Amino acid sequence: MGQSFYVYNSGDLKRKDNTLQFTSYEGEKRDIPIERIEDIYVMSEMTFNTAFLSYISQYGIPIHFFNYYNYYTGSFYPKETLLAGQLLVKQVSHYSDYGRRVIIARKFIEAAADNIYRNLRYYNGRGKDVSASMAEIDSLRRKIPETGSIEELMGVEGNIRKHYYAAWNIIVDQEIHFEKRVMHPPDNMINSLISFVNSLIYAKVLSEIYHTQLNPTISYLHEPGVRRYSLCLDIAEVFKPLIGDRLIFSMLNRRQITEESFTKELNFLHLKKESSKLIAQELEERLKKTIMHKELGRQVSYQYLIRLEAYKLIKHLIGEKEYEGFKIWW
């Protein structure tokens, strides 16, 4: 795997011979070997031309765009090279057959709920008494197999997250006064932090899906939309507790992120540049972390776990093996 390239300074990206060159508006230049790049994250004002887009398309490099407030705004998704008509038909048929769609959607939420519970159990064993939230979530997750519709499933998931987020006030060693998840727009520093980290994970899932034969616009838990890669939302649910939430807990408890990391005048909606860079760096380090995979019998990075999740979904769609969402076992 290559590396993710984050651009925080405004400037120009272009092709230079057989590599890429970034030139800041202040005139500073940097050459980047294209073979080392997995995907690009643009966190600033950027200009590039069609020759540049054509060149990175040859290498299958997606670009993800974020605005001034660190909100994800969209992606440049190169032309797919792993097209498989038969799989596309299977993917669509599992969506259009509501019964089969609900089965897959349940698996996503079962895995997400299990990983949420594991997070709480981890901190409960380290002196943070979140046993009340654990009991509520354990009771709720037992209802998941009984759900008969996406709406009912999302209702159970919403209640699980309500109890989960209530426990954050105990887990985090700062006075955060976190009561509920608010997204459009976030209403405090924790919601802003969650939104930014989740959007990075969403983009990372899209980059991994690109390397498979799945179509990212056909999803099962989230309703497919005109302007989003909704399958990324589905798969991200599984990994947000492991990758995103644990990153947030760690950075808050080590005081790498505090109220000072945000622009107070903008109601904590805007992460300062250095804080945003630090979060991205810490996320990339976390994605490189490896575990011994029980089935493969070898070390696998957190990032590669995301691609393996896509492969497992493919096996389910073609009838080879029933999909089971990734669950933390350690």
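What comes next is a walk through the structure. All figures in this text were calculated on a predicted structure; none of them were measured in a lab.

### Thoughts on empty space enclosed by the protein
Scanning the model with the defined rule gives 2 cavities of 30 Å³ or more in all. Considered as a void within the structure, the largest cavity measures approximately 50 Å³ in volume. Looking at the largest cavity, the residues that line it are Y69, N70, Y71, S192, S195, F196, F262, L269, H270 and L271. The residue inventory of the lining of the largest cavity, partitioned by class, reads 6 nonpolar, 4 polar and no charged. Each pocket or cavity is described by its volume, and for the second largest cavity that value is around 40 Å³. Around the second largest cavity, the lining residues are I109, A112, A113, I116, E157, I160 and R161. The element contributing the most residues to the lining of the second largest cavity is helix α3 (residues 98–124), with 4 residues. Of the residues in the lining of the second largest cavity, the class split is 5 nonpolar, no polar and 2 charged.

### Thoughts on the pattern of salt bridges
Within the structure shown, the criterion is met by 21 salt bridges. In this structure, K288 and E285 form a salt bridge, with 3.5 Å as the shortest nitrogen-oxygen distance. Residue K288 and its partner E285 are located together in helix α8 (residues 273–288), separated by 3 residues, close to a single helical turn. Note on K288: relative accessible area 49%, which makes it partly exposed. Between K312 and E309 there is a salt bridge; the shortest N-O distance is 3.1 Å.

### Brief notes about the pairing of strand β8 (residues 72–76)
Relative to β8, strand β7 (residues 63–66) is paired through 4 bridges, and the arrangement is antiparallel. Across the sheet, residue I63 finds its bridge partner in β8, namely F76. Between β7 and β8, which pair antiparallel and follow one another directly, the connecting turn spans 5 residues, one of which, N70, has a positive phi of 70°.

### Some thoughts on helix α4 (residues 131–141)
All of the buried residues in α4 are S133, M134, I137, D138 and L140. Viewed along the axis of α4, the buried residues span an arc of 165°, placing them on a single side of the element.

### Comments concerning the pairing of strand β3 (residues 19–24)
Of all 6 residues making up β3, 6 are buried, and the element is well covered by its neighbours. Counting the residues that bridge the hairpin from strand β2 (residues 11–16) to β3 gives 2 residues, and of these D17 lies at a positive phi of roughly 55°. Across 4 bridges, the pairing between β3 and strand β4 (residues 29–32) is antiparallel. Each bridged residue has a counterpart across the sheet, and for T23 the counterpart in β4 is K29. Adjacent in sequence and paired antiparallel, β3 and β4 are bridged by 4 residues, among which G27 carries a positive phi angle near 100°.

Rules behind the numbers
Residues numbered from 1 in each chain as written. Predicted model: local features only at pLDDT ≥ 70, side-chain atom pairs only at ≥ 80, totals over all residues. Heavy atoms only, no water. 1 Å grid on protein atoms, 1.4 Å probe; cavity = no way out; pocket = protein on both sides within 12 Å on 5 of 7 lines; lining within 4 Å. Points joined across faces, edges and corners; volume = space filled by probe spheres on them. Nonpolar A, V, L, I, M, F, W, Y, C, P; charged D, E, K, R; others polar. Helix = DSSP H or I, 4+ residues; strand = E, 2+ residues; numbered from the N terminus. Salt bridge = Lys/Arg side-chain N within 4 Å of Asp/Glu carboxyl O. Buried < 20%, exposed > 50% of the residue type's maximum accessible area, 1.4 Å probe, protein only. Pairing = 2+ DSSP bridges. Arc of directions from axis to C-beta.

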